[in-house]
Amino acid sequence: MSDLSLPKEFESRMKSYLGENEFREFSKALKKDPLVSVRINRHKTETQPENSKPVPWNEDGFFLEERPSFTLDPLFHAGCYYVQEASSMFIQHILKSIAAPQNGIFLDLSAAPGGKSTLLSSYLGKKGFLVANEVIKSRANILKENIIKWGLGNTLVTQNDPEHFEDLEGFFDLVLVDAPCSGEGMFRKDPDAMSEWSPDHVALCAARQERIMDKASAFVKGGGYLIYSTCTFNEKENEEMVRFIVSEYDYEPVKIPLDPSWGIVESEVLIDEVSYFGYRFFPHRVEGEGFFITVMKRPEDALVHEPKRTKDFKHPYLKPVGKQEAEKLMVQLGLPDYSGFYNLQDSYFWVNKDFQQHFEYLARFLNIRYFGVELGKINKQQFIPNHELAVSILPKTGFLKVDLDLKDALDYLRKEDIPIKDLPEGWVLVTFKNTPLGWLKNLGNRTNNYYPKDWRIRMR
Ligand code: SAM
């Protein structure tokens, strides 16, 4: 972007914050094209993207030399990577620095489209559990799609207002609030952010952030962590929010180690002679977009809310699967021994058994949009697999596989007919570079393409 004329009030505020000289560097950086970066899903691939260099604060992150057509890359649809700007990837460095428990239960309260949720999901891997929440319905749909493609099966997608979590005070090991904000850090990436900007909009965002943080800060358990982030530069939505949280709740400061070569600026917020810390990402100093993030720890002696045991789980539409049926499914699909199952309508869902108690407790309060992995249905003794199973990291024992070349893989993703030869009739797992894309049913003389209609690609 070359013609960038910044809103006057924004310009004068940034000048007084950075000083005239540094502001010149800052506005020069805003005129450059944004960098393109991706974060790979190590549960699906270990391959570093071609012509890329690592993001220094995240071992899964890579800067690409130029923006490829992601739509025309089957591995993008297979959930092998997520396109995410690099500053946000700093969360991985935070999780490692604070040694956040990998077998913990985390909440991402403002999660759509899912950049940070997929990062948290990767961190938790097979041991932990994530609640990814988004209040806006259309955005919750996109979040669900991205969580399904990421495929780790450790996530419950909910669509709730922050206040619906009120009964879950002290429940989570970690709460992330990536708050809706005035988006000053996105001016070069998303010019709409600039046209929507005004001092009134900043004030409105700050008031909304207070309302969110007033609730969210309570959901962290004693000894757990609260992470708050925005993609804006102004102090009202950043350092002032640290002040607000600490004025309402008991939180201890957390300092994150930084490598000076990264260019991240630590900002100190002094509250009653105690220093709290925020981390600022400016595009003239860092290879990434504008971003702010802070971490705080709830004192060990604060409330810890354990989920109550429910002996007979009762839910209007979720039914636990009986022991015998569960064992049959485990053997048939080769599922791990930490598998738990539910029926929703006539579909089978998989969850990590270690979190069933948490899940059943959460299901009492929250509006569930997706959870675990939808496996499929049983019809006339036959197992009909779901797309969600194909793109998940769960084993798919007993199914035939066909690995397609690029042309056929793209045609498959366009939901076109794929001729396959020399395979017996039945369900076939379609892969590209051995990574699952979805299902085909081989009927002998033709095949049926079961790629989800709503996800099909239209680009040639
Ligand atoms: N964390 C996401 C990611 O990394 O992909 C981006 C989140 S975006 C900055 C903020 C989100 O907050 C939006 O999806 C927006 O719909 C949601 N939101 C809007 N109003 C909200 C509210 N009152 N409470 C909680 N979230 C809200």
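Refer to the preceding data block for the structure.
Below: a short report on this structure. (Residues numbered from 1 in each chain as written. Predicted model: local features only at pLDDT ≥ 70, side-chain atom pairs only at ≥ 80, totals over all residues. Heavy atoms only, no water.)

### A look at the overall build of the chain
Note the threshold: The secondary structure listing takes helices from DSSP runs of H or I that are at least 4 residues long and strands from runs of E that are at least 2 residues long, numbered from the N terminus. As a reference, a globule follows 2.2 Å times the number of residues to the power 0.38, and the radius of gyration itself is taken over C-alpha atoms. Any residue under 20% of the maximum accessible area for its type is buried, any over 50% is exposed, and the rest in between are partly exposed; the area is computed with a 1.4 Å probe on protein chains only. The contact criterion used throughout is that any non-hydrogen atoms of two residues lie within 4.5 Å. For every accessible area listed, the method is Shrake-Rupley and the probe measures 1.4 Å; residues are considered covered only by the protein chains on display. Charge counting treats Lys and Arg as positive and Asp and Glu as negative, with His and both chain ends excluded. To locate a charge, take atom NZ for lysine, CZ for arginine, CG for aspartate or CD for glutamate.
Looking only at helices and strands, one finds 13 helices and 23 strands in the chain. A compact globule built from 460 residues should have a C-alpha radius of gyration of about 23 Å, and the chain, at 23 Å, falls within 12% of that. Along the first, second and third principal axes, the C-alpha set of the chain runs to 70 × 55 × 35 Å. A total of 460 residues make up the chain; the buried ones form 58% of that total. Put simply, of all contacts in the chain between residues at least 6 apart along the chain, 71% involve residues at least 24 apart. When the accessible area of the chain is evaluated, it comes to approximately 20,900 Å², of which 47% is carbon and sulfur surface. For the chain, the separation between the mean place of its 58 positive charges and that of its 67 negative charges on side chains is 6 Å.

### Things to note about empty space enclosed by the protein
Quick reminder of the rule: Grid points spaced at 1 Å over the protein atoms alone were grouped into cavities, where a 1.4 Å probe fits but cannot get out, and pockets, open sets with protein on both sides within 12 Å along at least five of seven lines, with lining residues defined by an atom within 4 Å of a point. Grid points are joined across faces, edges and corners, and a volume is the space filled by probe spheres set on the points. Amino acids outside the nonpolar list (Ala, Val, Leu, Ile, Met, Phe, Trp, Tyr, Cys, Pro) and the charged list (Asp, Glu, Lys, Arg) are all regarded as polar, and Gly is one of them.
According to the stated counting rule, one finds 1 cavity of 30 Å³ or more in the structure shown. Considering only enclosed or pocket space, the largest cavity measures out at about 60 Å³ in volume. Along the walls of the largest cavity sit Ile147, Ile148, Gly151, Leu152, Gly153, Asn154, Thr155, Tyr370, Gly372, Val373, Glu388 and Ser392, which together make up its complete lining. Taken together, the residues that form the lining of the largest cavity break down as 5 nonpolar, 6 polar and 1 charged.

### Examining the site of the ligand
Cut-off, in case you're wondering: Neighbouring residues are identified by heavy atoms, a residue being near a molecule or strand if any of them is within 4 Å of it. Two N or O atoms count as a polar contact when they lie within 3.5 Å, although within protein this holds only if one can serve as hydrogen donor and the other as acceptor, and sequence-adjacent residues are included solely when both atoms are side-chain atoms. For a molecule to be placed in a cavity or pocket, more than half of its atoms must lie within 2 Å of the grid points of that cavity or pocket.
The full set close to the ligand counts 16 residues, and Ser110, Gly115, Glu134, Arg139 and Asp178 are the nearest of them. The contact in question runs from an oxygen atom of the ligand to an N or O atom on the backbone of alanine 112, over 3.3 Å. Take proline 113: an N or O atom from its main chain is 3.4 Å from an oxygen atom of the ligand. Here the ligand, which alone exposes 600 Å², has 83% of that area covered by the protein. Placement of the ligand is best described as lying within the largest pocket. Taken together, the residues of the shell around the ligand sort by class into 9 nonpolar, 3 polar and 4 charged.

### Quick notes on the packing of helix α8 (residues 199-216) against helix α9 (residues 239-248)
Working note: a packed helix pair is described by the angle between its axes plus the distance between those axes. Counted only if it meets this: Only the stretch in contact is used when fitting a helix axis, every axis being a line fitted to C-alpha atoms; angles between N-to-C directions are given from 0 to 180 degrees. Crossings are assigned a handedness: left-handed for a near helix turned anticlockwise from the far helix by less than a right angle, right-handed for a clockwise turn.
It is the contact of α8 with α9, at a shortest axis distance of 10 Å, that shows an interaxial angle of 35°. Taken as a pair, α8 and α9 cross one another with a handedness that is right-handed. Where α8 abuts α9, its residues Ala206, Gln209, Glu210, Met213 and Asp214 lie against Met241, Phe244, Ile245 and Glu248. Taken together, the residues that form the contact of α8 with α9 break down as 5 nonpolar, 1 polar and 3 charged.

### Here we look at the pairing of strand β12 (residues 274-281)
Convention followed: Any two strands between which DSSP finds at least two bridges are classified as paired.
Of all 8 residues in β12, 7 are buried, a share of seventy percent or more. Relative to β12, strand β11 (residues 265-271) is paired through 7 bridges, and the arrangement is antiparallel. In the sheet register, leucine 270 faces β12, and the bridge partner there is serine 275. Connecting β11 to the next strand, β12, in antiparallel fashion are 2 residues, including aspartate 272 with a positive phi near 50°.

### Side note on the layout of surface pockets
The space that makes up the largest pocket amounts to roughly 1,500 Å³. What lines the largest pocket is a set of 50 residues, and nearest its centre among them are Ala112, Pro113, Arg139, Asp178 and Pro180. Only β1 (36-40), β4 (81-83), α5 (115-124), α6 (137-150), α7 (191-195) and α8 provide two or more residues apiece to the lining of the largest pocket. Looking at which element gives the most residues to the lining of the largest pocket, the answer is α8, with 5 residues. When the residues that make up the lining of the largest pocket are grouped by side-chain class, the tally is 22 nonpolar, 12 polar and 16 charged. Within this model, the second largest pocket holds a volume of roughly 710 Å³. Taken together, 25 residues line the second largest pocket, and the ones lying closest to its centre are Pro49, Glu50, Asp73, Leu75 and Tyr81. Among the elements of the structure, β1 and α3 (74-77) are those that each provide at least two residues to the lining of the second largest pocket. Considering only residue class, the lining of the second largest pocket consists of 13 nonpolar, 5 polar and 7 charged.

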